[in-house]
Amino acid sequence: MRSGFRPAAGPFLRPPKTYIWNLRVYRTSRCGFHTDGRSRISNFWIPTGGISKKNAPFELRDKEDVNDLLVRGGFYRQAYSGVFHMLPLGLRVQDKLERLIDRHMQSIGASKVSLSSISSQELWERSGRLGEGSEVFRFLDRKEARFLLAPTHEEEITTLVGSLAKSYRDLPLRVYQISRKYRDEPRPRQGLLRGREFIMKDLYTFDSSVDEALKTYEQVRAAYTRLFNELKIPYLMAAADSGNMGGSLSHEFHFSSPKGEDTVVSCSHCDSVYNEELADGKAHSSQAEPLDESPGFDVDGSHTAGARVSTAMWAAISKDKMTLLRGWYPQFTAKDSAEPGIREINSHAVKAIASAAGIDLDLSIENPVEQWAARVKSKAPLDPSAERPQVLDVYDTLVRAYKRPPLGGLLAQVNCSAEDIECLRLDTFPGTNNGLQLIKVSSGDQCPKCTQGTLKAHTAVELGHTFHLGTRYSEVLGASVKVENATVPMQMGCHGIGVSRMITAVADSLSDSKGLNWPRALAPFEVIVVPTKGLEAEAENVYDQLVADKASPIDAILDDRDKALGWKLGDADLIGYPVIVVVGKGWKKERKVEVQCRRLNLRQDVTLEELSPLVQSMLRQL
């Protein structure tokens, strides 16, 4: 301290020795901060705000939305639409998930990197992924250079590796990162499941040949399987569509959830599991013949009432708006049933059929008939040499097309005659003898692969995705290596896990009427010790007994808040600690503690000597 320095008055501004001593006393006596090395709630910021929305203790009567539970449990808070601040409990869950991912990525020899969140718009234009409707945040710097906030890093990692790896001896290469990503999501929803800022793990693999790349793909898929198995929560691994990522091989990892945006189909007998996006529109040989009861459509477009099967029409338009596609499919209705089962169109199947016929559909247009009519009307009167507008009628194999539905009302909307419109019809897949299947799979359908099992449709949340990209990015971005006397583009793979969305998905899959209920692998703390008033010192002894085994440590926390026992137990249920150890009446009577585990439906009184073995046994099951 400088000579003559006199600190201002205040509890922390003292000469050095007095300051340090007073800080320790002040924080232990007035703030409740302890320095004894034990994990205590009083040392940890857990802003649950009590149990109920009114800060009053009560047991939740109905299962809440998991996002509400995570907010009330003190895991995160929303900052803006689709943007969240992670609080200490949420960050502990995230950190544990990241360490789990690190372990499994390192098991396949992957090195961890950290790529910049800022990417070049020009780079994305070179790969063909930056279109007019791309959901990316774009910005200009002060020099008018064009940048974006990266929603993924295929372009950047391909450019980086391409500049550093020049020979096949530099491969195979496996690099991954866990980082923030950004997506200009037009409709953020469901908390972390669909946000504008999110945490993502992406692994990128580089090989010199297709055979080596496919071996790498299977190694990564096996590592993903081990990772998801460790969570001990049922999941589905499904064959999937590669979408705009490119490539020819892809699998997804899903949790079943009513909040999901995907439909995964599984068979009760064989190993067939796939995303319904893979539907190719082809009917399989095991599918039933068209039903005689199907009346088709009458001349005026109406259908017969009371029939077991009725026919519905679904429409879409081509991107140039010159072709209107009408898909005719069965709506199954049980006769005299008050609640008929309704079939739905599978737009992915219809798009595959149209693509095989040389038509590029735009499924984003909500009023295709009106858009087509406006386009035709704007072209009338038609030049005989000009391209004629088309109406393509596509029939599901279960629909008997007794009469093609007439243009009827369509002609009233356009300024031309029926002769000016080219009418086409498809009831088999182009170039094959296969019939067409336009409808989504419904639970109970026969499996087309084994013909012995029945199919089940699961609404699911996608948590992981593996892609074999091939040369989709390496060719256009110049990432090549020398192999003997030739230069070849690298064979790439991309493998992602949605870290932040997995937090919500896991929480949702295990939550119940009392609150959250974490698996051991992700729980913010594995065990909480909850004492009744007057037994705080005994609870410290119980805590010490739990964490004493250094060979198999238990991640425990002590609830030392000055609250009633019932309040603290309700708070523990809300937060979702896997195991709760209660130091209460049993200790006073028989020197026993009560061990609770909701997932195992177990509640047992044990002595202090029996405590650690029992808790370890429970945790191994979680």
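Note that this is a predicted model, so its numbers are computed, not measured.

About the criteria used
- Residues numbered from 1 in each chain as written.
- Predicted model: local features only at pLDDT ≥ 70, side-chain atom pairs only at ≥ 80, totals over all residues.
- Heavy atoms only, no water.
- Helix = DSSP H or I, 4+ residues; strand = E, 2+ residues; numbered from the N terminus.
- Contact = heavy atoms within 4.5 Å.
- Areas by Shrake-Rupley, 256 points an atom, 1.4 Å probe, with all protein chains shown as cover.
- Phe/Tyr/Trp six-rings, centres within 6.5 Å; stacked < 30°, edge-to-face > 60°.
- Lys NZ or Arg CZ within 6 Å of the ring centre and 35° of its normal.
- Buried < 20%, exposed > 50% of the residue type's maximum accessible area, 1.4 Å probe, protein only.
- Expected span 1.5 Å × (residues − 1).
- Pairing = 2+ DSSP bridges.
- Axes fitted to C-alpha atoms, helices over the stretch in contact; angles between N-to-C directions.
- Left-handed = near helix turned anticlockwise from the far one by under 90°.
- Nonpolar A, V, L, I, M, F, W, Y, C, P; charged D, E, K, R; others polar.
- Salt bridge = Lys/Arg side-chain N within 4 Å of Asp/Glu carboxyl O.
- Core = buried A, V, L, I, M, F, W, Y, C linked by side-chain atoms within 4.5 Å.

Colleague: Talk me through the overall build of the protein chain; I want residue IDs and the actual numbers.
Modeller: Scanning the protein chain for helices and strands turns up 15 helices and 26 strands. In the protein chain, 69% of the contacts between residues at least 6 apart in sequence involve partners at least 24 apart. As presented, the protein chain carries roughly 30400 Å² of accessible surface, and 49% of it is formed by carbon and sulfur atoms.

Colleague: I'd like a description of the packing of aromatic side chains, backed by residues and values.
Modeller: Applying the stated criterion across every chain yields a total of nine aromatic pairs. Feature note: the residues Tyr224, Phe228, Tyr235, Phe253 and Phe255 constitute an aromatic cluster, connected by ring pairs. Just above the ring of Phe429 sits the side chain of Lys282; from NZ or CZ to the centre is 5.0 Å. Here the basic side chain of Arg425 rests over the ring of Tyr395, its NZ or CZ set 5.3 Å away from the ring centre.

Colleague: Summarise the environment of Gln604; cite the residues concerned and give the values.
Modeller: Relative to the assigned elements, Gln604 resides in strand β26 (residues 602-607). With a relative accessible area of 34%, Gln604 lands in the partly exposed category. Through-space distance from the C-alpha of Gln604 to that of Val581 is 9.7 Å; in sequence the pair is 23 residues apart. Excluding anything up to four places from it in sequence, Gln604 contacts Val593, Glu594, Val595 and Leu614.

Colleague: Got a sec to walk through helix α11 (residues 499-510)? Specific residues and values, please.
Modeller: Between its terminal C-alpha atoms α11 stretches 17 Å, which fits the 16 Å expected from twelve residues at 1.5 Å a residue. Here α11 has its buried residues at Val499, Ser500, Arg501, Met502, Ile503, Thr504, Ala505, Val506, Ala507, Asp508 and Leu510.

Colleague: Now, about the sheet that holds strand β4 (residues 118-120): what can you tell me, with residues and values included?
Modeller: The strand order across the open sheet formed by three strands is β4-β6-β5, and the pairing between neighbours is antiparallel. The open sheet has two edge strands, β4 and β5 (137-140), and neither has a second partner. When strand polarity is set aside, the average angle formed by the axes of neighbouring strands in this sheet is 40°. Bridge analysis of β4 against strand β6 (residues 146-149) gives three bridges, and the strand direction is antiparallel.

Colleague: Provide a residue-level description of the sheet that holds strand β25 (residues 592-597), including the pertinent values.
Modeller: With mixed pairing, the five strands of this open sheet are ordered in space as β23-β22-β24-β25-β26. Of all the strands in the sheet, just β23 (556-558) and β26 have a single pairing partner and so form its edges. Sheet twist, expressed as the average angle between the axes of neighbouring strands with direction ignored, equals 25°. Those strands touched by helix α15 (residues 608-621) are β22 (527-531), β24 (579-583), β25 and β26, and its axis lies near 150° from that of β26.

Colleague: How would you summarise the packing of helix α3 (residues 88-106) against helix α6 (residues 210-231) if you had to cite specific residues and measurements?
Modeller: Between α3 and α6, whose axes approach to 9 Å, the crossing angle comes to 145°. Handedness of the α3/α6 crossing: right-handed. Along its contact with α3, which presents Leu100, Ile101, Arg103, His104 and Met105, the element α6 presents Ala223, Tyr224, Arg226, Leu227, Glu230 and Leu231. In terms of residue class, the contact of α3 with α6 is made up of seven nonpolar, one polar and three charged.

Colleague: Could you give an account of the pattern of salt bridges, with specific residues and numbers?
Modeller: Per the counting criterion, the structure on display carries 39 salt bridges. Between Arg221 and Glu218 there is a salt bridge; the shortest N-O distance is 2.9 Å. Taken together, the positions of Arg221 and Glu218, both in helix α6 and three residues apart, correspond to about one turn of that helix. Residue classification places Arg221 among the buried residues on the basis of a relative accessible area of 18%. Connected through shared salt-bridge partners, Asp36, Arg38, Arg40, Glu540, Asp544 and Asp560 make up one network.

Colleague: If you had to explain the nonpolar core to someone new, which residues and values would you point to?
Modeller: Counting 56 residues, the largest nonpolar core has Phe75, Phe228, Trp518 and Tyr577 as the members making the most contacts within it. For this core, the element with the most residues is α11, which contributes seven residues. When residues no more than four places from it in sequence are discounted, the contact partners of Tyr577 are Ile41, Ile46, Phe525, Glu526, Ile528, Ile557 and Ala572. The next biggest cluster of nonpolar side chains, apart from the first, holds 26 residues, and it includes Leu558, Val581, Met618 and Leu619.

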